Amino acid sequence: MLMYSYVTKELRVEIEALLVRMSTFFDDAAEMNHCGLMKGNAGIALFFAYYTRLTQNERHYHTAMGFLEKSLEAISSLNQANGLGGGFCGPAWLIKHLIRLDLLTSDSVAALEDIEPYIIDALSIQLEVGNYDLLYGFIGSAIYLLEEDNPGNHQYYEQILQWFSNNKKITGNGEVWWEDWQPGIQHKANLGLAHGIPGIVNFLIYLDKHYPTDTTKDLIRNAIAWVLSKETQRGLTSFPAMASGEGPETDMAESRLAWCYGDLGIVSMLYNAAVGLNEPAYVCKAGLVMRKVAVRRLHNSKVMWDKTLDYHDPCFCHGTSGILYQFNRILQYNNDPEILTAADYWLKATIANTNKMLDHFSELEMSKEIVADETIILNHFGVLTGLAGIGLTLINCIRPDLNKWDSILLLNQPGS
């Protein structure tokens, strides 16, 4: 696929102009001393690496390498946490990923010799305390290990599968679920892609591609059965954000439309499972859920609107670009006209609201507020809540094949 059919020549021109405009704002992030992938220098490096692949512009390559170097310096100079999202696991994954993209040579892996033992130690601790989270737990550590095919990692995959097998909850119907990993939340399960069971399922599908076992496939099927048993068909949404394990539901609020929570993540799970397990029935179910998802728009999406600045959040985690990216991924399974129309809508919403956000950034820069406050930098430039994630999404609109990075957000498809 060379380009999504809804991306017209006129839209491509708008995207390219916006990417140029966005790229100039990263100069303000130069002083950020944070190594992270989701909210730090590693995430900015990831954006410029893919911008290099899109444009073949050597200047963007040097910018990517500069932010990667800053990320590695931050690891050594500060007491950085582990974790794929905000710790040293993120830049370690990035090095492996850039080798995979042929943007770094294979001998660059030597930079990981001092980091990887800490990632393995952290994985053991995360398994011991039961923190399976993508951003802060052992799923994130496993995403790092899965970035290359290494038989030496099979022992860790076995430990992870053992944890999921030992800690699963089983309903009377044989469905499988896991309690929310966060302390204080008992007898409840999270139905979000970022921190919940759909994310676990997408991770297990990815793991099964590299390390296939019958245990993995059984966990996937039975966890999907549990998720589908929580369908509510209430209002605009089909599934809640949180659900009880077996008892009656107490959280009946409509979920947002986003990457982190909501029906889009469950659709992603179903399509990925349909391919990974060769289960056509999941395709049919995904299509039914999409009928509601595809007709939602900004006014009923729960995407945050800043009344003062008059723009909706265009960022990946809670905003329009994360919605857009998931529609693009779904189009590779289902090019129904309603999905194409929705993708076109969310692309235009992302372009318009990102331009409004950049207008606001220009005012902040004039007041020097961005440079003075590292919290603002973290929130405005990273993959999850900033320009890097928006940029990666826009690049994918022009080049659908430039999507190999999305394993870090549990959106990679089994065949990619």
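The structure displayed is predicted, hence computed values, not measured ones.

Every α-helix winds through 3.6 residues per turn, so residues three or four apart in the chain are directed the same way. Compared with the 20 Å implied by 1.5 Å per residue over 14 residues, the 20 Å span of helix H10 (residues 263-276) between its first and last C-alpha is a close match. Here H10 lies mainly inside the structure; 12 of its 14 residues are buried. Those residues of H10 not exposed but buried are Asp-263, Leu-264, Gly-265, Ile-266, Val-267, Ser-268, Met-269, Leu-270, Tyr-271, Asn-272, Ala-273 and Ala-274. At its buried positions, H10 is contacted by helix H8 (197-210), helix H9 (214-229), helix H11 (280-293) and helix H12 (320-331).

Moving on, we come to the UniProt feature "binding site: Zn(2+)" (unreviewed entry) in the protein. In the UniProt entry, the feature "binding site: Zn(2+)" (unreviewed entry) is given for Cys-260, Cys-317 and His-318. What stands out for the annotated residues spanning 59 residues is how close their C-alpha atoms remain, the widest pair being 6.5 Å apart. Looking at the element boundaries, Cys-317 is found in the loop between strand E6 (311-312) and H12. Every residue in contact with Cys-317, bar those within four places of it in the chain, is listed here: Ala-258, Trp-259, Cys-260, Leu-384 and Thr-385. In this structure His-318 touches Arg-256, Leu-257, Ala-258, Cys-260, Val-303 and Asp-313, once residues within four positions along its chain are discounted.

Scanning the model with the defined rule gives 12 salt bridges in all. Measuring nitrogen to oxygen at the nearest pair gives 3.8 Å for the salt bridge that ties Lys-356 to Asp-310. Of this pair, Lys-356 sits in helix H13 (residues 337-366) while Asp-310 is found in the loop between strand E5 (305-306) and E6, placing the two residues 46 residues apart along the sequence. We classify Lys-356 as partly exposed; its relative accessible area is 36%. A salt bridge links Asp-344 to Lys-348; the nearest nitrogen and oxygen atoms lie 3.1 Å apart. Pair noted here: Asp-344 and Lys-348 are both in helix H13, with a separation of four residues, about one helical turn. Judged by its relative accessible area of 44%, Lys-348 is partly exposed. Sharing partners across several salt bridges, the network here consists of Lys-96, Glu-116 and Glu-148.

Turning next to unusual backbone geometry. One non-glycine residue, Gln-56, lies in positive phi territory at about 60°. Take Gln-56: it is sitting in the loop between helix H2 (41-55) and helix H3 (58-77). Given the relative accessible area of 61%, Gln-56 is considered exposed. The phi angle at Asn-278 is positive, at roughly 55°, despite the residue not being glycine. Mapped onto the secondary structure, Asn-278 falls in the loop between H10 and H11. Classification of Asn-278 as exposed rests on a relative accessible area of 63%.

Rules of the game
- Residues numbered from 1 in each chain as written.
- Predicted model: local features only at pLDDT ≥ 70, side-chain atom pairs only at ≥ 80, totals over all residues.
- Heavy atoms only, no water.
- Helix = DSSP H or I, 4+ residues; strand = E, 2+ residues; numbered from the N terminus.
- Expected span 1.5 Å × (residues − 1).
- Buried < 20%, exposed > 50% of the residue type's maximum accessible area, 1.4 Å probe, protein only.
- Contact = heavy atoms within 4.5 Å.
- UniProt positions renumbered as here; feature names shortened; annotations may be inferred.
- Salt bridge = Lys/Arg side-chain N within 4 Å of Asp/Glu carboxyl O.

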